[in-house]
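Here are the chains, one letter per residue:
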Amino acid sequence: MTSKEIQVPDIGDFEGVPVIEILVSEGDDIDAETPLVTLESDKAAMDVPSPAAGRITEILVKVDDKVSKGSPLLMLEVDGEAEDQATGPSAEAPDSDRDAPQQEQEPQQEQEPQQEQEQEQEQEQEQEQEAAGSSSGTRAVTVPDIGDFSGVEVIEVHVSAGDEIDAEDPVITLESDKATMDVPSPAGGTVVEVQVKTGDRVSQGDPVLTLKGGDSEASKQPEAAKPDRAPAASESKPADSRPEPESPPERTGDGEPAPPPTLPAGDGRDKGAPPHASPSVRRFARELGVDISQVRGSGRKDRILKEDVQSWVKSRIQDTPPQTAAAPTGSTGGALPAMPDIDFSQFGEVEVVPLNRIKKLTAASVHRSWLHVPHVTQHEEADITELEAFRQDLKKEAADRGVKVTMLAFLIKACVAALREYPSFNASLENGGANLILKKYCNIGIAVETPDGLVVPVIRGADRKGIYDLARELGEVSQRARDRKLSPNDLQGACFTISSLGGIGGTAFTPIVNAPEVAILGVSRAQMKPVYENGEFVPRLMLPLALSYDHRVVDGAEGARFVVFLSRVLGDARRLLL
Ligand code: CAO
């Protein structure tokens, strides 16, 4: 074990950047790549990852300290193998640069002539391009020095062709795993063409846009203020070295580079600039599908914290979102418009009755499902004439066994068969939507009406139970529900739910999927109906079925097949034996 000082890596043309968050504590055992601190200037936020695994023995910075490349961050106790990786700023280069090819370690004298040659070529190209640009009155704006980053994703494009912009206006926002940064325009003018779009990956020197007319702040800077070439990843500087103060950007590649993604000692957020949030908070927001520009930050300088994103989401799933979270009237955005508070007593006598716990829980649950699950409801009628006759025949035998067999027991049995036939209905969509979790067990939830509201007890292992067992359990569980004797365990683990209103009446309804399940069967009251068969109308007992499903998981054809299968099984119960 050796103790190593971990320093700020090459962070581009940044100097004196404040530490806004320390993400680890002394004594923490961390992995390589664990974010250690978040740094944030007015234009960029970045997480500094650990170059190696180990135990943190001492933290050498505190919030609000200003740091630059090479500033000590903390002491890490590393084992022998990790030791080599944890030695200096260049070793801490994030992402792809860490796997930089061997040639970076070649002796410097072999590289220098080549570098000089490249620089000369670049300067020649720039002069040619500048000449061409000034003659046509346009200039190319390129990605500036962004430190040891390459192939960084464009997450926002703030301008479009025709926009009038000022020097320093942010034109795009870039985000890597570790950093989020705005690229400001080097000059004011009219945007002629934008060469990047959201999702593109860019590196230093890549074209961003073409600009016409206006002033160039960058071009007004005296030549003497232009920096030396920015250090390459291979140029290992001493730990205490600092970037040149007030370094304007290096000219690289085509055209006029934008200034570095930093603000020289600015005092606050630009008007209209994107919100401040660390890369991890932005990632968190994206995972939840939250548009971060909608979130109000409660941190210093309005910085958006993880808690702000959580609060924003909570406010969206509450019945009445707070006024501050509401979209403005006439908004076409995704925010929920707030319900107005109305004093109904102005229209007549009212009584205010608080909702009980069950009703509140049900409200939150159905609202969440309604908002998250794109619902489709497929309708069908099952001919249960023979099945009902069979049920009536069973009545005496069932009574002798002390059981009441209702249609619901047969519906459970039929649903089990349909779930076996169509496994994607016996599933849950993983959060994030990347995977479907198929369940090899079959627990059926039954919506039960109680004096306190709706509850959904679960019949476990329904695929292993016969009609009498199912009928008995149904009777017991619905009685316990009405007696308020269900335990939390009785209400968990369902794969699929049946909501039967057949005992009450009605012709059809649209049940709400009991997420994270992917489908629910609604059953209405069976009725005798004239059905056209072999050239004549015959009376048949028809049972209305309504299958609501999550359209992210189930497509329309599958939904129709599932419900038709159910109808066939109920129409001929012998199929349950297959
Ligand atoms: N068509 C015609 N008759 C039906 C029927 C249907 N689809 N479903 C039930 N019936 C009959 C039963 O057979 C029974 O008649 P008999 O006494 O002559 O046999 C009578 O209606 C009463 O049945 P039931 O409702 O007591 O029993 P069940 O097994 O059908 O349902 C339960 C049990 C717990 C589901 C039911 O009592 C209940 O609470 N339903 C409400 C569910 C609800 O609120 N859902 C809405 C949720 S929001 O999506």
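All values reported here derive from a predicted model rather than from experimental measurement.

Turning our eyes to something else, we now look at the overall build of the chain. When its secondary structure is counted, the chain shows 10 helices and 28 strands. Residues counted as buried form 43% of the 578 residues belonging to the chain. Excluding contacts between residues fewer than 6 apart, the proportion of contacts in the chain whose partners are at least 24 apart in sequence is 64%. When the accessible surface of the chain is totalled, it reaches about 30,200 Å², and 49% of it is carbon and sulfur.

Glancing now at the packing of aromatic side chains. One pass over the full model with this rule turns up 7 aromatic pairs. Between Tyr-422 and Phe-425, the aromatic rings sit 6.4 Å apart at their centres with planes inclined by 75°, giving edge-to-face as the arrangement. A centroid spacing of 4.1 Å and a plane angle of 25° characterise the contact between Phe-425 and Phe-562, whose relative ring orientation is stacked. Of this pair, Phe-425 sits in the loop between α8 (407–421) and β19 (427–429) while Phe-562 sits in helix α10 (residues 556–571), and the two are 137 residues apart along the sequence. The residues Phe-425 and Phe-562 share a single accessibility class, namely buried. Among the aromatic residues, those joined into a cluster by ring pairs are Tyr-422, Phe-425, Phe-496, Phe-562 and Phe-565.

This part covers the sheet that holds strand β5 (residues 44–49). Spatially, β7-β2-β4-β5-β13-β12-β10-β15 is the arrangement adopted by the 8 strands of the open sheet, whose pairing is antiparallel. The open sheet is flanked by β7 (66–67) and β15 (201–202), the only strands paired with a single partner. By the bridge criterion, 2 bridges tie strand β10 (residues 152–157) to β15 in an arrangement that is antiparallel. From the neighbouring strand, Glu-153 faces β15, where its bridge partner is Arg-201.

Another aspect to go through is the sheet that holds strand β1 (residues 2–7). With respect to topology, 4 strands assemble into an open sheet ordered β1-β8-β6-β3, the strand pairing being antiparallel. The sheet is open, and its two borders are formed by β1 and β3 (29–30), each paired with just one other strand.

Quick look at the pattern of salt bridges now. A full pass over the atoms with the stated rule returns 15 salt bridges. With a closest N to O distance of 2.4 Å, Asp-452 and Arg-484 form a salt bridge. Placement of Asp-452 in the loop between β22 (448–450) and β23 (453–455) and of Arg-484 in the loop between α9 (467–482) and β25 (496–500) is noted, with a sequence separation of 32 residues between them. Judged by relative accessible area, Asp-452 falls into the buried class, the value being 15%. A salt bridge links Arg-472 to Asp-469, with the nearest nitrogen and oxygen atoms 3.6 Å apart. Within this pair, Arg-472 and its partner Asp-469 are both found in helix α9, separated by 3 residues, close to a single helical turn. One continuous salt-bridge network, built from bridges that share partners, spans Asp-383, Glu-386 and Arg-540.

Around the ligand, a shell composed of 21 residues is seen, among which Thr-406, Glu-449, Arg-482, Ser-524 and Ala-526 lie nearest. Considering the ligand on its own, with 960 Å² of exposed area, one finds that the protein chains cover 73% of that surface. Among the secondary structure elements, those contributing two or more residues to the shell around the ligand are α7 (385–400), β22, α9 and β25.

What follows deals with the confidence of the model for the chain. Counting all residues, the mean pLDDT for the chain is 79, and 75% of those residues have values of 70 or more. Confidence drops under a pLDDT of 50 for residues 216–273, and excluding neighbours within four residues, the segment shows 134 contacts in the predicted structure.

Running from N to C, α8 and α10 cross one another at 135°; their axes reach a closest spacing of 9 Å. With respect to α10, the axis of α8 lies oblique. Crossing handedness for the pair α8 and α10: right-handed. Where α8 abuts α10, its residues Phe-410, Leu-411, Ala-414, Cys-415, Ala-417, Ala-418, Leu-419 and Glu-421 lie against Phe-562, Phe-565, Leu-566, Val-569 and Leu-570. Looking at the contact of α8 with α10 residue by residue, the class counts come to 12 nonpolar, no polar and 1 charged.

Right, let's get into unusual backbone geometry. Of note, the amide linkage connecting Ala-515 to Pro-516 takes the cis form, showing an omega dihedral of 10°. Note that Pro-516 resides in the loop between β25 and β26 (519–523). One non-glycine residue, Arg-484, adopts positive backbone phi at about 60°.

Glancing now at the nonpolar core. Counting residues in each nonpolar core, the largest one holds 55 residues, and the members touching the most others are Leu-411, Ile-412, Ile-444, Phe-496, Ile-498 and Leu-545. Looking at this core, the elements that each hand over two or more residues are α7, α8, β21 (444–446), α9, β25, β26, β28 (536–550) and α10. The contact partners of Leu-411, leaving out residues within four places of it in the chain, are Ile-498, Leu-521, Val-523, Leu-543, Leu-545 and Leu-570. In this structure, Val-61, Val-78, Val-141 and Val-191 belong to the second largest nonpolar core, which totals 44 residues.

It is worth spelling out helix α5 (residues 306–317) at this point. Between its terminal C-alpha atoms α5 stretches 17 Å, which fits the 16 Å expected from 12 residues at 1.5 Å a residue. Taken residue by residue, α5 has Asp-308, Val-309, Trp-312, Ser-315 and Arg-316 as its buried positions. Viewed end-on, α5 has its buried residues packed into an arc of 125°, placing them on one side of the element.

This brings us to α7. Since there are 3.6 residues in each turn of an α-helix, residues three or four apart along the chain are aligned in direction. Here α7 contains 16 residues, and its C-alpha end-to-end distance of 24 Å stays within 8% of the 22 Å for a straight helix at 1.5 Å per residue. The largest bend in α7 comes to about 40°, at Leu-394. Summarising the contacts, the buried residues of α7 are in contact with α8, α9, β28 and α10. Among the residues trailing α7, Gly-402 stands out with phi positive, at a value near 75°.

Right, let's talk about the pairing of β26 for a bit. For β26, the tally of buried residues reaches 5 of 5 residues, placing the bulk of the element in the interior. By the alternation rule, side chains of β26 split into Ala-519, Leu-521 and Val-523 and Ile-520 and Gly-522, which are all buried. Here β25 runs beside β26; their pairing, made up of 4 bridges, is parallel. Along β26, the bridge assignment pairs Ser-500 with Val-523.

The rules behind these values
- Residues numbered from 1 in each chain as written.
- Predicted model: local features only at pLDDT ≥ 70, side-chain atom pairs only at ≥ 80, totals over all residues.
- Heavy atoms only, no water.
- Helix = DSSP H or I, 4+ residues; strand = E, 2+ residues; numbered from the N terminus.
- Buried < 20%, exposed > 50% of the residue type's maximum accessible area, 1.4 Å probe, protein only.
- Contact = heavy atoms within 4.5 Å.
- Areas by Shrake-Rupley, 256 points an atom, 1.4 Å probe, with all protein chains shown as cover.
- Phe/Tyr/Trp six-rings, centres within 6.5 Å; stacked < 30°, edge-to-face > 60°.
- Pairing = 2+ DSSP bridges.
- Salt bridge = Lys/Arg side-chain N within 4 Å of Asp/Glu carboxyl O.
- Near = heavy atom within 4 Å.
- pLDDT = per-residue confidence, 0-100.
- Axes fitted to C-alpha atoms, helices over the stretch in contact; angles between N-to-C directions.
- Parallel < 35°, antiparallel > 145°, perpendicular 65-115°, else oblique.
- Left-handed = near helix turned anticlockwise from the far one by under 90°.
- Nonpolar A, V, L, I, M, F, W, Y, C, P; charged D, E, K, R; others polar.
- Core = buried A, V, L, I, M, F, W, Y, C linked by side-chain atoms within 4.5 Å.
- Expected span 1.5 Å × (residues − 1).
- Arc of directions from axis to C-beta.
- Bend = angle between axes of the 7 residues up to and from the residue.

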